[in-house]
Structure formats: C-alpha cells, structure tokens
Amino acid sequence: MGVDVFFQVPLHPNPKRYTYQAVNVGIGIRVQMGFPAGRIHVECDWLGQMGAFLQQGWRLVEIFLDQTQMQQHQGVSFNPQMAMNSVWFFEKETDRLNDPTPQYEGTVVEYYHKIKAGFGGARAPPGWTPVLQEMGQRGWELACILETPDTRMTGMMTMKMKLLLFFQRRLVPH
C-alpha cells in the first residue's frame, strides 16, 4: 500500500510541532443480494473509533480506505461478507504528547450522495453544502469526507452512495 502524505510548511519562525499516528481499523462489508438490485452495507463503529482518540487529546486529520486489502470470508452465502482495512491519521501537538486531556469532540454525519447515470455519463452534483453550512454555524470543522462502498440502486439509472462527513470542534475549556 502506498499513501501520499502532504504537509503544510509553516512560514512563521516558531511553528508548533506535531506528532502523527496512523491507526489501522478493520471494516466489515456485507453484500445483500436482492431484486432488482442488491445493497452493500459497511459496518464499523465510526464515532467510537474517532472518539477513542479525541478523548486522548488527538485530532483527526484523514481516513484512507485501503481497498487493495479486501478479503472475502470463507463459505458460500447469498449475502457474502468481506473485510477491508482503513488507516486513520491523527495529530497532536508534540508538547502535549503525554497529556491525555481531550481537546476536541467529534461527530459523524451520514449523507447519501445521489448519482444519476445517462448516455452522456454520470452526474453527481454535490448536495452536501447545506449540511456543511449548518455544521459550520454550530462551530464544527470538517475533518474529512469518506466515500464508503455502501451503495444502493434507487432507480433504473440512479444510485445512492453513503458518504460519511467527519466533524470535530475544540472543547470549550472549563
């Protein structure tokens, strides 16, 4: 697996230093066969995984789905199950590395992105702007958007893909 990691180079003379950690999190995938179309379910405790690190003072930076490492569970089934790996990237100020005090709280919003296929290709206008605006007005910052394999056909030429919007905001000091 290869991952490109980009860092912003600070221009001021005394920048804060950060420590990063990459955490592997397994994800279950269940294919539900059906007529006229089946559905793919993705199973993971997203908020629990995120919260475990936020509660230790870390901040979520990105989540990467490693689709090259999909493994199918053994056995014959009408609802096959698979597993895949994800890599979660967290950061923490280096001078706070041993301080487990929570700095952020998090939440995950499910958004179903509509994709319409046609003879000219597929159209998928982003409709998540109102969600981003509402969360921003409530003080949340967008940490990342994760496209999941969780899809379902909603018509002859349309489908919905589940996106997970990960938000975090700094805790107000007591």
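This text goes with the structure placed above it.
Please read all numbers here as calculations on a predicted model, not as lab measurements. (Residues numbered from 1 in each chain as written. Predicted model: local features only at pLDDT ≥ 70, side-chain atom pairs only at ≥ 80, totals over all residues. Heavy atoms only, no water.)

K.L.:
Explain the layout of surface pockets to me, and be specific about the residues and the numbers.
P.N.:
Computed from the structure, the second largest pocket encloses a volume of approximately 180 Å³. With three residues, the single largest contributor to the lining of the second largest pocket is strand E4 (residues 81-93). When grouped by side-chain class, the residues that make up the lining of the second largest pocket number two nonpolar, two polar and seven charged. (1 Å grid on protein atoms, 1.4 Å probe; cavity = no way out; pocket = protein on both sides within 12 Å on 5 of 7 lines; lining within 4 Å. Points joined across faces, edges and corners; volume = space filled by probe spheres on them. Helix = DSSP H or I, 4+ residues; strand = E, 2+ residues; numbered from the N terminus. Nonpolar A, V, L, I, M, F, W, Y, C, P; charged D, E, K, R; others polar.)

K.L.:
Quick rundown of the side chain of Ser86? Include the residues and the values.
P.N.:
Counting through the fold element by element, Ser86 comes out in strand E4. A relative accessible area of 0% places Ser86 in the buried class. Among the polar contacts listed, one links the side chain of Ser86 to the backbone oxygen of Val25, at a separation of 2.8 Å. There is a polar contact of 2.9 Å between the side chain of Ser86 and the side chain of Trp88. Apart from the residues lying within four places of it in its own chain, the contact partners of Ser86 are Val23, Asn24, Val25, Ile27, Ile63, Phe64, Leu65 and Asp66. (Buried < 20%, exposed > 50% of the residue type's maximum accessible area, 1.4 Å probe, protein only. Polar contact = N/O pair within 3.5 Å; in protein donor to acceptor, adjacent residues only side chain to side chain. Contact = heavy atoms within 4.5 Å.)

The quantities given are spatial measurements derived from coordinates; they are silent on function.
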